[in-house]
Amino acid sequence: MRDILSDLSDAMSDPDPVRRAQIQMKRPLPKRFYKAVSTDEVEEGHRILLDGRPVRTPGKKLLAVPAKPIADRLVAEWDGQGEEIDPAKMPVTRLVNTAVDGVSENFDAVFDEIVRFAGTDMLCYRADSPAGLVERQREGWDPVIRWVADTRGARFILVEGVMHQEQPAPAIEAFSKALAAFRDPLALACLHTVTTLTGSALLALALAEGVIDADRAWTLAHVDEDWQIEHWGTDEEAFHRRALRRAEMDVAAAVLAEIPR
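Calculation notes
Per-chain numbering applies: the sequence of each chain, read as written, is numbered from 1 onward. With pLDDT at 70 or above as the cut-off, local features in this predicted model cover only qualifying residues; side-chain atom pairs require 80 or more to be listed or tallied, and sums for whole chains, interfaces and linings still use all residues. In computing side-chain properties, one takes all heavy atoms of the structure into account and sets aside hydrogens as well as water. UniProt positions are given in the numbering used here, feature names are shortened, and annotations may be inferred rather than shown by experiment. Paired rings are identified among Phe, Tyr and Trp, the last through its six-membered ring, by centres lying within 6.5 Å, and are further divided according to the angle between planes into stacked (under 30 degrees), edge-to-face (over 60) and tilted (the rest). For this document, the term salt bridge refers to a Lys or Arg side-chain nitrogen within 4 Å of an Asp or Glu carboxyl oxygen. Relative accessibility under 20% of the residue-type maximum defines a buried residue, over 50% an exposed one, and the middle range a partly exposed one, all with a 1.4 Å probe and only protein chains included. Strands here are runs of E lasting at least two residues and helices are runs of H or I lasting at least four, both read from the DSSP assignment and numbered beginning at the N terminus. Structural elements are reduced to axes, namely lines fitted to C-alpha atoms, with helices fitted over the stretch in contact, and the angle between N-to-C directions of any two is expressed from 0 to 180 degrees. Small angles under 35 degrees read as roughly parallel and large ones over 145 as roughly antiparallel, with 65 to 115 read as roughly perpendicular and the rest as oblique. For any helix crossing, the convention is left-handed if the near helix is rotated counterclockwise from the far helix by under a right angle, and right-handed if that rotation is clockwise. It only takes one pair of heavy atoms within 4.5 Å for two residues to be counted as in contact. By the convention adopted, Pro, Cys, Tyr, Trp, Phe, Met, Ile, Leu, Val and Ala count as nonpolar, Lys, Arg, Asp and Glu as charged, and the other residues, Gly among them, as polar. Take the residue count of a helix, subtract one, and multiply by 1.5 Å to get its expected span. Here, the arc refers to the directions that run from the helix axis to the C-beta atoms. If DSSP finds at least two bridges between two strands, the strands pair.

The name recorded for the protein in an unreviewed UniProt entry is ATPase, from Shinella yambaruensis. Of the comments in the UniProt record for the protein, the one headed Sequence similarities (unreviewed entry) reads "Belongs to the ATP12 family."

Quick look at the structure:
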């Protein structure tokens, strides 16, 4: 079983959903080798069992999560496989593998990367024209900027254009302090996923804190893109890529909401 999971590791862990799909298309899917999927509770958390045997990550670690609802999601993924095991239909498993194998071993590096993202956050860089886009950014993004300033003491500087603006050290420190509330590797993996998919660590934090939901976070992350689509349209490939990215974010947001704090 572990060898099969290792063979799937590349397809299940690549951060680009389109790249993952391409990898999966190039290789035959392994046959399903188990009948029953279950879960039990051990010291590491809620683990997944296939025919009574614990599942291991590609890194040979126990596939275990901190909450039963998340374990139930994993059970549903593994139980939902047909005659073959299709990684494209296992987004929660992929996310947990990333947390267990990657984030837990590099926690500080992942944490620091999210903090660095906040230093160049999309919400701080505003258009100077056209007027409609300027207003849409202001209406959508300003409430998040005010929230993080008023409740977390992180006061970010807003600029027009794309020229880099160094953010005040106290703002970055305040953001880092707020992010430190999410010290679980799986929570941090979820936050990192949302940050990279939206382009905003501030949106990720607001989502984690329950200030906005996944729909609102996605809408705010695509203010500029939606403006362009409204005026210039889109193509099928871009639409497909966006749908895959949205599915990734929905999974991360759902799992994040189920992690005990």
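Okay, the packing of aromatic side chains next. Within the structure shown, the criterion is met by two aromatic pairs. Joined through ring pairs, the aromatic side chains of Phe-33, Tyr-34 and Trp-78 make up one cluster.

Across all of its chains, the model carries 16 salt bridges by this definition. A salt bridge links Arg-47 to Asp-40; the nearest nitrogen and oxygen atoms lie 2.6 Å apart. Asp-40 gets classed as partly exposed once you look at its relative accessible area, which sits at 26%. Glu-225 is paired through a salt bridge with Arg-242; the nearest N and O atoms lie 2.8 Å apart. With Glu-225 in helix H12 (residues 223–232) and Arg-242 in helix H13 (residues 236–258), this residue pair connects regions lying 17 residues apart in the sequence. Judged by relative accessible area, Glu-225 falls into the partly exposed class, the value being 37%.

Right, let's talk about the packing of helix H5 (residues 91–103) against H13 for a bit. Relative orientation of the contacting elements H5 and H13 amounts to 65°, with a least axis distance of 10 Å. Taken together, the axes of H5 and H13 are roughly perpendicular relative to one another. Handedness of the crossing formed by H5 with H13: right-handed. Judged by residue contacts, Pro-91, Val-92, Arg-94 and Leu-95 of H5 engage Glu-248, Val-251, Ala-252 and Val-255 from H13. A breakdown of the residues in the contact of H5 with H13 according to their chemical character gives six nonpolar, no polar and two charged.

With that out of the way, let us pick up helix H4 (residues 68–79). With twelve residues, H4 should reach 16 Å at 1.5 Å per residue; the first-to-last C-alpha distance of 16 Å fits that figure. Within H4 the residues assigned to the buried category are Ile-70, Ala-71, Leu-74, Val-75, Glu-77 and Trp-78. All buried residues of H4 fall inside an arc of 160° around its axis, so they share one side.

The next thing to look at is the pairing of strand S1 (residues 37–42). It is a general feature of regular strands that their side chains alternate between the two faces of the sheet. Where S1 meets strand S2 (residues 45–50), six bridges bridge the pair, whose relative direction is antiparallel. Looking across to S2, one finds that Glu-41 is bridged to His-46. If you look at the hairpin formed by S1 and S2, you'll find two residues sitting between the two strands.

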